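# Geometric and topological summary
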Amino acid sequence: MLCHGELLRRFEVSVGELLDRSEKSHPISFQPKQGEIVSPCTSLFMTLEQRLYDEKDVAVLCSLTTLTSGGDLDTLALKTDAGHRLLKRYRRMQNSRDLDQSIKHFERALDLCAMDHPYRPAALLNLATVQFISCQAEGRHLDLDIPISVFQDALDLCPTGHPDRPVTQLHLAIALLSRFAKRGYQTDVHAAKELLNEVLDVSHANSHVHRAALLAIETSALHPVASIDVQDLGQEWPAASMLPLSPDQLFDQVKCCLQRDDPHALDEAISLHYDAMGYYNAMHPCRRQLLCNLSIMLHTRFERQSNDEDLYHAITFQRETLALCPVGHADRSKSLNNLADQLSTRFNHRGNAEDLDQAIALGREALALRPVGHTDRSKSLNNLASYLSTRFDHRGNDEDLDQAIALQREALALFPVGHTDRSNSLDNLAFQLSTRFHHRGNTEDLDQAIVLAREALVLCPVGHTDRSQSLDNLATRLSTRFHHRGNGEDLDQAIALQREALALCPVGHTDRSQSLNNLATDLSTRFHHRGNAEDLDQAIALGREALAVHPVGHIDRFKSLGSLANQLSTRFNHRGNAEDLDQAIALGRESLALCPVGHTDRSTSLNNLGTRLSTRFHHRGNAEDLDQAIVLAREALALCPVGHTDRSQLLNNLAARLSTRFHHRGNAEDLDQAIALQRAALALCPVSHTDRSHLLGNLSDGLSTRFDHRGNAEDLDRAIALGREALALRPVGHAERPSSLGNLAIQLSTRFNHRGNAEDLDQAIALAREALALCPVGHTDRSTLLHNLATQLSTRFHHRGNAEDLDQAIVLGREALALRPVGHAERPSSLGNLAIQLSTRFDHRGNAEDLNESRENLRCALTLLTQHDPRRLMVHRSLATVYLSFHRSGLDGTGGPGEDTDLNVAMHHFKAAANFVPGGLLFRLRAALRWVHHADEHRHDTELEAYGTSMQLMDAYMFATASVSSRHSAMKEFPPALAVNAASCALRSDDVRRAVELLEQGRTIIWTQMTRLRTPLDTLETRSDHAAALVKRFRDLSSLLGKPPASHADGTQSVDVEAADTRYRRLVEDWNGVVEEIRQIEGFSRFLLPPVFADLQEAARKGPIIVLVASKSSCDAIIITHTQPPTSIQLPTDFEKLTKLVHALREAIGKDASPKGKQTALIKHLRKLWDDVVCPVVENLSTFARRGSRIWWCPTSLFNFLPLHAAGEYRANGNSLSQQYISSYTPSLTALMRARRSHDRSLSVPFAAIGQNCPDGHSKESTLKFVEPELELVRNLLPPPPTVSFTKVTSVDATKSRALRALQDNTWLHFACHGTQNYRDPFNSALLMRDQPLSLLDITQMNLSRLEFAFLSACETAVGDFATPDEVIHLAAGLQFAGVKSVVGTLWKVTDATVQRLVDAFYKNLCGDGKMNSRRAAQALHQAVHLLARDRENSMPLDQRIVFMHIGA
């Protein structure tokens, strides 16, 4: 090239690659760069020759550099560059002055090249070219001799072998043909042909020069010399171009490329069009057609090769084409239609809804430009219908689908019988109607679609080119109807049609592979319906043939790989041959490899392979397969961002994999994430979306599963609501209605088991019957529906005792089992279900055959389940129940002499169920509680172990619950007396120490879990850097777990609440991991484990502790001293008597409470309390505690509600507890030990007195009149500064926030206000401040370990919750667990007069000597009460004297 030229492309290539491309004749192709309309550089073809080193070559190279001086060479290049720039501008602007100036520059360049100059041939060629263009442009045909002469001079300087000789010959030949066209010289034609033939001989077939020469010869052959019209021939060569292809010839190339699948020919046609675009400027009349053709070809190449750039440029060129067709232009509707089609394609590729909306808008405009009567109206109707149908698939808007069908009907009306396009229109309408059937389930649509498809087939008789397609379409509709109605004739006919379609696609036919795949699919379906293995084998054989048609490198190979993988996977499910599944996975991996990142079908391939791996996991249990399936599902989802049409489906698929992993490993995070994904999928499918009912069902199932594992009733209620909505979207006739009916029935039955509402159970059975009726014999879901209905009927039998229900349940269970042969994944479930029902019937009728069959079914089920299958837990539990039945009936269930007893085997299975980790915490806890129940019933030697296991599982289950209130609610679902019953069990075995340990482990669980998060670790922190890091991690996690969960308003999205719960459970897992690491450190092996008795005995250092145990088996007292073994005393009362005493005392409070009233009823019950409980203890205390010393009561169960400190004979010279000992209370031994921990004390005691007489919302009648005087009284009784720093907060200042601040800033507190005990939600019990209540929940979130003392001068501050008495949930206990060492509270309502007198006496005794010591609080209260009792002049009612109690150190 003679010039500096224009930099078109930069690229790097190795010499080896250049040699390889030269040898294989592969050009380097270039697409237009971003922003270019056409590329000035389309391809680079080169031939390289590799030779050995030769000194002559160097000599030649060196000689060239000496011919021209550096300055002349630069001038030559500059002149040549200028000439090319002007020629380029002329072609764009058509300004003749640019052409004249270009000639002058090329002439000056030639003047710089002497006769022997190596660049003279190129300079001559440049000058001749621009002279020829000038003659063409200005019509100076007589002047053609000048450029021809210059072309000839250039050729004379290019001998054979010269690199520029072929292109010079081509240009000279074109000039000669042009002169012949104008003057008719025959010699010009002959000379031109000789030149062109030589070009063909020496140039490569793929080169541009070769193609141009060939086309020039073909053009001259079209016009024989005798009849040639010089005007016609002249039109073959554009006036401003040296390109040998005219627009008409280019159009012929387009038609040829679009009619055959020849990638090379298509690439060549696109390259020629890019070349042509450089010659036809924006004003040229041919440019619009070239843009349109190039756009169509690029679109075609995208559909064949999936190159995103092709589609991008196709749309860009089509937009330019449309801009050249303004409103009113004859071709505007055509351009609108083309652009709409390409945008629709891009939507299908990327899922951007804007493309589809724009396609529809363009389609509507195109249709408006083609009114009734327009020849292309039917085409626009069809295209717009197609776009609307696609948008319906994406968004589910019924209007789009209905409008699409209306448009298709109009299009069909334009094709009356006999019209060539009627069959296509019939097929299109049939397709839309079939889609509406899938959406609404209206069988009329499907039937009409089949009628239309049949008519379309009739219009394509044997021999018609479209017959195979019509056969396939009708077969598809019939196959759909089979799936809906189950009529085997439809499926048989579909297969027959597919066979005929295949016969019309012989080997080599472009549609054969698709036809093979379709027939294979229908045969596979028939296999699922009838179980004929031949169908499946034939389907696989067809799939293999389809794959063979697509060898390695074929663009559609990945599709055939996917189809064959599906069929092999099906055969695996049928025969269990692992080779089939492995091969399916191998094919899936190959298919995925053919869909690299960026491929349109990569997400589909990822999803399919994930499905196979998930299947193999279910078969072999290899967790790697499941983990990989989840990884693939996540990648597939990432490829479908928000807005993508497949996103909801992929969200759902990933949710399914995570749900599977949850069932396998029991990781709650997987289940929570699955539910979150299902919610996201559902949000993408608004009301009326085709997939909404399916996604509603899945989310409903997920929530129902979570209810089963956590017991949150909200999940179950939400699941049922979603199930009802899903069912409403599947009316009678809908293919999926049986599934919705069955799922909703299960959930209603579950709710019946949870709440006992018989309406739920009856409705469940009705729904299950309807579902079963819709799935006749042969239906794939029949076994599941039989199984579920049997379960529900069995449940109703347990509820109502109707034997018909049970008999029918067993019949249905047997039928379900028969439909699940050996190898079926659900056979263990059917065996277990039937076994339960047979066992139930044995208990009802006593037929030993039922019991034996039940046991064998369960044994078989256990052998079929893998070691980690969660269903093993339920089988163990059922086996335990069966062996208990053998034990009760006296039948032999163990197999004869030498075998373990039936009772022992039963307990073994209960234990196995409770300890089966994959079964999940909730199911394990329930199994453990059943173990406890039956071990207790039969006094089995595993009873104590069962209690210990149950309490351990209870603790773990409760700790995984996020909020304090939700833990309390969950506690109500389990036996409230578990810990005391465990202690009674230990006492029956004379294991008093173990009884104390079990009580400490199983009581005050909520408080214990909260205090775990505040455990000091100062000694561990100094061990090592690793230990210090663990301590920091422990404190950080404990701080996060200790924070109150965000409060959620009623309208809060449940997904937000679930996300918070999920985060909490993750923190719990991390916290548990850190705790396990700490336990590995020497000296910390029992860190946060339930304390042993030796540790608990430390609580009795300051005096004996009496633990009162109230269970239905016995009532006992345990006296714990600091150094001696514990002593147990069986009390002369029982649980029933205690219950009556509690109620009687509550009723006696307030009766005859006048100053002169004797409150005889109260005295009577306090005497009973003395006789039955306190006196037996006091009689045994004399050896452990001196008279007048302190003792601590640790009551359990009903004892929590008795005023033990007030027990006595209440007669002259009668005994009473208060005469002999000073009583305090503690919720647990651990709490007492924590209260005795010492802290640094300040020289001045910060004391806050907080009073609120009238909180907002209370009436004037309830105003406390003595709050202010009480606080002043306290101030006056306290030592003066600097001993005490006193702060008083009252009236409007006594707000919740101010009270919380006082709790943090002071070490002594006195509250004078209203108090409320919330029995429904005890954590909302509160001290009422001015603006908001200071609730127990608020107190639990605080660390009050600095506080020494709190006096609660308010009502009911030490009253617990009757539903969970051993949790000891009240304000006084809350303060102690939060860290306050000593607390005075009230058991019931207290009057102002009582408060005034007792406060006066209490503080005088507490700090009358000027010293502040919280350990004197119990004694001060004891003395104050005695003082009030001795005051005969101002006698106080008994219930008011004993209302106050002391808790803590």
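Residues numbered from 1 in each chain as written. Predicted model: local features only at pLDDT ≥ 70, side-chain atom pairs only at ≥ 80, totals over all residues. Heavy atoms only, no water.

## Quick notes on the overall build of the protein
Helix and strand counts for the protein stand at 61 helices and 16 strands. For the protein, the computed accessible surface area is about 63600 Å², with 51% contributed by carbon and sulfur atoms. (Helix = DSSP H or I, 4+ residues; strand = E, 2+ residues; numbered from the N terminus. Areas by Shrake-Rupley, 256 points an atom, 1.4 Å probe, with all protein chains shown as cover.)

## A short note on the packing of aromatic side chains
Under the defined criterion, the tally for this structure stands at 11 aromatic pairs. Between the aromatic rings of Phe1247 and Phe1286, the centroid separation amounts to 5.9 Å while the plane-to-plane angle is 25°, which identifies the pairing as stacked. You can see Phe1247 sitting in strand E8 (residues 1245-1252) and its partner Phe1286 sitting in strand E9 (residues 1284-1289), a full 39 residues away along the chain. As far as the burial class goes, Phe1247 and Phe1286 line up, both buried. Through successive ring pairs, a cluster of aromatic residues spans Phe1247, Phe1286, Trp1308, Phe1349, Phe1351, Phe1402, Tyr1403 and Phe1444. In this structure, Arg926 is placed above the aromatic ring of Phe923, and the distance from its NZ or CZ to the ring centre is 5.8 Å. (Phe/Tyr/Trp six-rings, centres within 6.5 Å; stacked < 30°, edge-to-face > 60°. Buried < 20%, exposed > 50% of the residue type's maximum accessible area, 1.4 Å probe, protein only. Lys NZ or Arg CZ within 6 Å of the ring centre and 35° of its normal.)

## Topic: the pattern of salt bridges
Across all of its chains, the model carries 67 salt bridges by this definition. Between Lys1288 and Glu1268 there is a salt bridge, with the nearest N and O atoms lying 2.5 Å from each other. A residue pair is termed long-range when its members are at least 10 positions apart, and Lys1288 in strand E9 and Glu1268 in helix H55 (residues 1267-1277) qualify at 20 residues. For Glu1268, a relative accessible area of 36% gives the class partly exposed. One salt-bridge network, held together by shared partners, links Asp357, Arg391, Arg395 and Asp400. (Salt bridge = Lys/Arg side-chain N within 4 Å of Asp/Glu carboxyl O.)

## A short note on the packing of helix H29 (residues 647-665) against helix H31 (residues 692-710)
H31 packs onto H29 with a crossing angle of 20° between their chain directions and a minimal axis gap of 11 Å. Looking at the two axes, H29 sits roughly parallel to H31. Here H29 and H31 pass one another in a crossing that is left-handed. In this structure, H29 uses Ser648, Asn652, Phe662 and His663 to contact H31, whose residues at the interface are His694, Leu695, Asn698, Thr705 and His709. (Axes fitted to C-alpha atoms, helices over the stretch in contact; angles between N-to-C directions. Parallel < 35°, antiparallel > 145°, perpendicular 65-115°, else oblique. Left-handed = near helix turned anticlockwise from the far one by under 90°. Contact = heavy atoms within 4.5 Å.)

## Focus on the nonpolar core
Core analysis: the biggest nonpolar cluster contains 111 residues, and Leu1108, Val1174, Trp1193, Phe1247, Phe1311, Phe1402 and Tyr1403 have the highest contact counts within it. The biggest single contributor to this core is helix H52 (residues 1160-1181), with 11 residues. Apart from the residues lying within four places of it in its own chain, the contact partners of Trp1193 are Ile1106, Leu1108, Val1174, Val1177, Leu1204, Leu1217, Ser1223, Ser1224, Tyr1225 and Thr1226. Counting 68 residues, the second largest nonpolar core, distinct from the first, contains Phe797, Leu879, Ala928 and Ile1120. (Core = buried A, V, L, I, M, F, W, Y, C linked by side-chain atoms within 4.5 Å.)

## Side note on the confidence of the model for the protein
Keep in mind that low pLDDT regions are not for reading the predicted coordinates in detail. Averaged over all residues, the pLDDT of the protein is 83; the fraction at 70 or higher stands at 86%. Taken as a whole, residues 31-43 scores under 50 in pLDDT and shows 40 contacts with residues more than four places along the chain or in a different chain. pLDDT under 50 marks residues 51-68. Its contacts with residues more than four places away, or in other chains, come to eight contacts. (pLDDT = per-residue confidence, 0-100.)

## Here's the deal with H55
Those residues of H55 that sit buried are Val1267, Glu1270, Leu1271, Leu1273, Val1274 and Leu1277. Taken around the axis of H55, the buried residues stretch over an arc of 155°, which confines them to a single face. Considering only its buried residues, H55 is in contact with E8, E9, strand E10 (1308-1313), strand E14 (1349-1353) and helix H59 (1392-1407). (Arc of directions from axis to C-beta.)

## Quick notes on the sheet that holds strand E13 (residues 1333-1335)
Hydrogen bonds along the backbone pair up the strands of a sheet, which may run parallel or antiparallel. Here three strands make up an open sheet; going across it, the order is E11-E12-E13 and the pairing antiparallel. Either end of the sheet is taken by a strand with one partner, and the two such strands are strand E11 (1315-1316) and E13. (Pairing = 2+ DSSP bridges.)

## Remarks on the pairing of E14
Across the five residues that make up E14, a large majority, five, are buried. Neither face of E14 is exposed, since Phe1349, Phe1351 and Ser1353 on one face and Ala1350 and Leu1352 on the opposite face are all buried. Bridge count between E10 and E14: five bridges; the pairing is parallel. Across the sheet, residue Ala1312 finds its bridge partner in E14, namely Ser1353. Across three bridges, E14 lies against strand E15 (residues 1382-1386) in parallel orientation. Bridge pairing in E15 links Ala1350 to Val1383.

## Topic: the environment of Arg422
Tracing the backbone shows Arg422 in helix H19 (residues 422-440). Placed 11 residues apart in sequence, Arg422 and Ala411 show a C-alpha to C-alpha distance of 9.0 Å. Discounting residues that sit within four places of it in the chain, Arg422 has contacts with Leu412, Phe415, Pro416, Val417, Glu455 and Leu459. A distance of 2.7 Å separates a polar atom in the side chain of Arg422 from the backbone oxygen of Phe415. (Polar contact = N/O pair within 3.5 Å; in protein donor to acceptor, adjacent residues only side chain to side chain.)

## A closer look at the side chain of Ser335
If you trace the backbone, Ser335 turns up in helix H15 (residues 332-350). Not counting residues within four places of it along the chain, the set of residues in contact with Ser335 comprises Gln318, Thr321, Leu322 and Cys325.

## Brief notes about unusual backbone geometry
Of note, the amide linkage connecting Pro1281 to Pro1282 takes the cis form, showing an omega dihedral of 5°. As for its position among the elements, Pro1282 is in the loop between H55 and E9. Its identity is not glycine, yet Ser1197 carries a phi of approximately 50°, on the positive side. Relative to the helices and strands, Ser1197 is located in the loop between strand E6 (1190-1195) and helix H53 (1217-1220).

## Some points on the packing of helix H20 (residues 443-458) against helix H21 (residues 467-485)
Direction vectors running N to C along H20 and H21 enclose 155°, while the axes themselves pass 9 Å from each other. Relative to H21, H20 is oriented roughly antiparallel. For the element pair H20 and H21, the recorded crossing hand is left-handed. Together, Thr443, Leu446, Asp447, Ala449, Ile450, Ala453, Arg454, Ala456 and Leu457 of H20 and Arg467, Ser470, Leu471, Leu474, Arg477, Leu478, Thr480, Arg481, His484 and Arg485 of H21 make up the contact between the two elements. Per-class residue counts for the contact of H20 with H21 are nine nonpolar, four polar and six charged. (Nonpolar A, V, L, I, M, F, W, Y, C, P; charged D, E, K, R; others polar.)

## Description of the side chain of Ser380
With respect to the secondary-structure elements, Ser380 resides in helix H17 (residues 377-395). With a relative accessible area of 1%, Ser380 lands in the buried category.

## Observations concerning the pairing of strand E16 (residues 1444-1448)
E16 sits mainly inside the fold: five of its five residues count as buried. Taken together, the five bridges between E15 and E16 define a ladder with antiparallel strand orientation. Each bridged residue has a counterpart across the sheet, and for Gly1385 the counterpart in E16 is Met1445.

## A few points about the environment of Val777
If you trace the backbone, Val777 turns up in the loop between helix H34 (758-773) and helix H35 (782-800). Take Val777: its relative accessible area is 72%, and that puts it in the exposed class. Through-space distance from the C-alpha of Val777 to that of Leu819 is 9.7 Å; in sequence the pair is 42 residues apart.

## Topic: the environment of Ala496
Examined against the element boundaries, Ala496 turns out to sit in helix H22 (residues 488-503). Separated by 25 residues in sequence, Ala496 and Leu471 place their C-alpha atoms 9.3 Å apart.

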